[in-house]
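Structure at a glance
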Amino acid sequence: QVQLVESGGGLVQAGGSLRLSCAASERTSPIYRMGWFHQAPGKGREFVAAINWNSGSTDYTDSVKGRFTISRDNAKNMVYLQMNSLKPEDTAVYYCAVQRFPGASFGSWGQGTQVTVSS
């Protein structure tokens, strides 16, 4: 089973930028999409963005459109989330996950990386 490791989180002031990375341990299992989710204190895990592993097509939740960009490097089994114009409400633990087939649930969650945006 693929293992995912996130990195790149940290403390940043509002308006700043961070780039998150997600490394997949192996590529033998099928991947339909890779996604980023976040979980703020006291809230459930929420979808942020996803990218189709083959076509590169992307989806974003409305609150991050125009600010965040998801990308992937198929050769390196990496997925990235470029976060610009960060807001305090973006503060959360960010996770990456795999969707193996269309309609399947996301899984193989990483340990997460903390993003804190100060006002």
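Heads up: the structure comes first, above all this text.
Scope of this entry: the structure provided in the associated data block. (Residues numbered from 1 in each chain as written. Predicted model: local features only at pLDDT ≥ 70, side-chain atom pairs only at ≥ 80, totals over all residues. Heavy atoms only, no water.)

Quick look at unusual backbone geometry
Even without glycine at this site, N77 takes up a positive phi of about 55°. Within the element layout of this structure, N77 appears in the loop between β7 (68-73) and β8 (78-83). With relative accessibility at 13%, the residue N77 sits in the buried group. Here the phi dihedral of S108 falls at roughly 55°; this positive angle occurs in a residue that is not glycine. Along the polypeptide, S108 turns up in the loop between β10 (106-107) and β11 (113-118). Its relative accessible area of 16% is what places S108 among the buried residues. (Helix = DSSP H or I, 4+ residues; strand = E, 2+ residues; numbered from the N terminus. Buried < 20%, exposed > 50% of the residue type's maximum accessible area, 1.4 Å probe, protein only.)

Focus: the sheet that holds strand β1 (residues 4-7)
Spatial ordering of the open sheet is given by β1-β3-β8-β7, a layout of four strands whose pairing is antiparallel. A strand with exactly one partner marks an edge of an open sheet, and here the two such strands are β1 and β7. For this sheet, the mean angle separating the axes of adjacent strands, direction not counted, is 15°. With six bridges joining them, β7 and β8 adopt antiparallel strand pairing. Counterpart to I70 in the pairing with β8 is L81. (Pairing = 2+ DSSP bridges. Axes fitted to C-alpha atoms, helices over the stretch in contact; angles between N-to-C directions.)

Quick word on the pairing of β11
Of the two faces of β11, the one lined by T113, V115 and V117 is fully buried and the one lined by Q114, T116 and S118 carries no buried residue. Of the strand pairs in this sheet, strand β9 (residues 92-99) and β11 are connected by three bridges, and their pairing is antiparallel. Opposite V93, over in β11, you have Q114 as the bridge partner.

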